[in-house]
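In case you want the letters, here they are:
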Amino acid sequence: NPKYSGAECVGAAISFTANAPGYDTYAWEFGDPAGGTSSQRDPMYTYASAGTYTVKLKATDSKGFLPDCSKDISVTIKPSPTVDMTLLNQPAQCFETNKFCFADSSLPAPGSSLVRTTVLFSDGGLIEVINPPATREFCYEIKDPKGGYFDVTVELEDANGCVTKVKFPKMIRVWP
């Protein structure tokens, strides 16, 4: 009897378990348009779009002691939140007066709400907002006097438990 666990959200890895003792060959079909398959006993799989999918497992015993076993399970994948973060001022600034301001118009999945927004800067700075408003602006100052390029990583979590994480490499630059 196949089982699965994990957040059933777009982009989240779901752990599938064959739960078929005595079998040694497994053929999984994940039922999505990408045609995903696996021959692992307990694979991980990530769906790229929301929907309901029929996952098929066929387990066989190469020694011939057990009959082939085929089972189907249904998995419903929920949409994930959408990151919409815009830098409002110059992406390169001097260290002494740097202040990077952003507009956050990120959206939860339809029918849900955002419960957490986290913005991580590669200098170690972190901004976390619980139950963020629909739109907001915020500013951040880089405190590393060496300057350089800095990544900005945005992570959203909605009330469905779905998480989206987007990294913007070298989004901002500070001149020493």
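This one's a predicted model, so the numbers in the text were calculated from it and none came from an experiment.

1. Notes on empty space enclosed by the protein
Leftover empty space is mapped by rolling, across the atoms, a probe with the size of a water molecule. Enumeration over the complete set of coordinates arrives at one cavity of 30 Å³ or more. In this structure, the largest cavity encloses a volume near 30 Å³. Taken together, Asn1, Pro2, Ala18, Ala20, Leu57, Ala59, Cys69 and Lys71 make up the lining of the largest cavity. Among the secondary structure elements, those contributing two or more residues to the lining of the largest cavity are strand 6 (51-60) and strand 7 (69-77). For the lining of the largest cavity, the per-class residue count stands at six nonpolar, one polar and one charged.

2. A short note on the packing of aromatic side chains
Aromatic ring pairs are described here by two measures, namely the spacing of the ring centres and the angle between the planes. One pass over the structure, following the stated rule, counts 10 aromatic pairs. Centroid distance phenylalanine 16 to phenylalanine 30: 5.2 Å. Interplanar angle 50°. Geometry classified as tilted. Here phenylalanine 16 is found in strand 2 (residues 13-17), whereas its partner phenylalanine 30 is found in the loop between strand 3 (25-29) and strand 4 (37-38), with 14 residues between them in sequence. By relative accessible area, phenylalanine 16 is classed as buried at 0%. Among the residues examined, phenylalanine 30 registers a relative accessible area of 0% and is labelled buried. Three or more aromatic residues link up through ring pairs in this structure, and these residues are Tyr4, Phe16, Trp28, Phe30, Tyr45, Tyr47 and Tyr53.

3. Quick word on the side chain of aspartate 158
In this fold, aspartate 158 is placed in strand 14 (residues 148-158). For the buried residue aspartate 158, which engages in no salt bridge, the nearest side chain bearing the opposite charge is lysine 78, 7.0 Å off. Of note is the side chain of aspartate 158, whose polar atom sits 3.0 Å from the backbone nitrogen of asparagine 160. In this view, aspartate 158 contacts Pro79, Pro81, Pro108, Ala109, Ser112, Ser113, Leu114 and Val115; residues no more than four positions away in its chain are not counted.

4. Quick notes on the pattern of salt bridges
Across all of its chains, the model carries seven salt bridges by this definition. Here glutamate 157 makes a salt bridge to arginine 116, at a shortest N to O gap of 3.2 Å. With a gap of 41 residues between them, glutamate 157 in strand 14 and arginine 116 in strand 11 (residues 114-121) connect regions that are remote in the sequence. Here aspartate 151 ties to lysine 167 by a salt bridge, and the two come within 3.4 Å at their closest N and O atoms. Here the residue aspartate 151 occupies a position in strand 14, and lysine 167 occupies one in strand 15 (residues 163-175), the gap between them amounting to 16 residues. Sharing partners across several salt bridges, the network here consists of Arg116, Glu155 and Glu157.

5. Examining the sheet that holds strand 13 (residues 136-140)
What the three strands build is an open sheet, ordered 8-10-13; its pairing is antiparallel. With one partner strand each, in any of the chains shown, strand 8 (85-87) and strand 13 form the two edges of the open sheet. Across this sheet, the average inter-strand angle for adjacent strands is 25°, counted without regard to direction. Summarising the sheet, strand 10 (residues 100-104) and strand 13 pair through five bridges and their orientation is antiparallel. Bridged to aspartate 104 within strand 13 is arginine 136.

Parameters at a glance
- Residues numbered from 1 in each chain as written.
- Predicted model: local features only at pLDDT ≥ 70, side-chain atom pairs only at ≥ 80, totals over all residues.
- Heavy atoms only, no water.
- 1 Å grid on protein atoms, 1.4 Å probe; cavity = no way out; pocket = protein on both sides within 12 Å on 5 of 7 lines; lining within 4 Å.
- Points joined across faces, edges and corners; volume = space filled by probe spheres on them.
- Helix = DSSP H or I, 4+ residues; strand = E, 2+ residues; numbered from the N terminus.
- Nonpolar A, V, L, I, M, F, W, Y, C, P; charged D, E, K, R; others polar.
- Phe/Tyr/Trp six-rings, centres within 6.5 Å; stacked < 30°, edge-to-face > 60°.
- Buried < 20%, exposed > 50% of the residue type's maximum accessible area, 1.4 Å probe, protein only.
- Lys, Arg positive; Asp, Glu negative; His and termini not counted.
- Salt bridge = Lys/Arg side-chain N within 4 Å of Asp/Glu carboxyl O.
- Polar contact = N/O pair within 3.5 Å; in protein donor to acceptor, adjacent residues only side chain to side chain.
- Contact = heavy atoms within 4.5 Å.
- Pairing = 2+ DSSP bridges.
- Axes fitted to C-alpha atoms, helices over the stretch in contact; angles between N-to-C directions.

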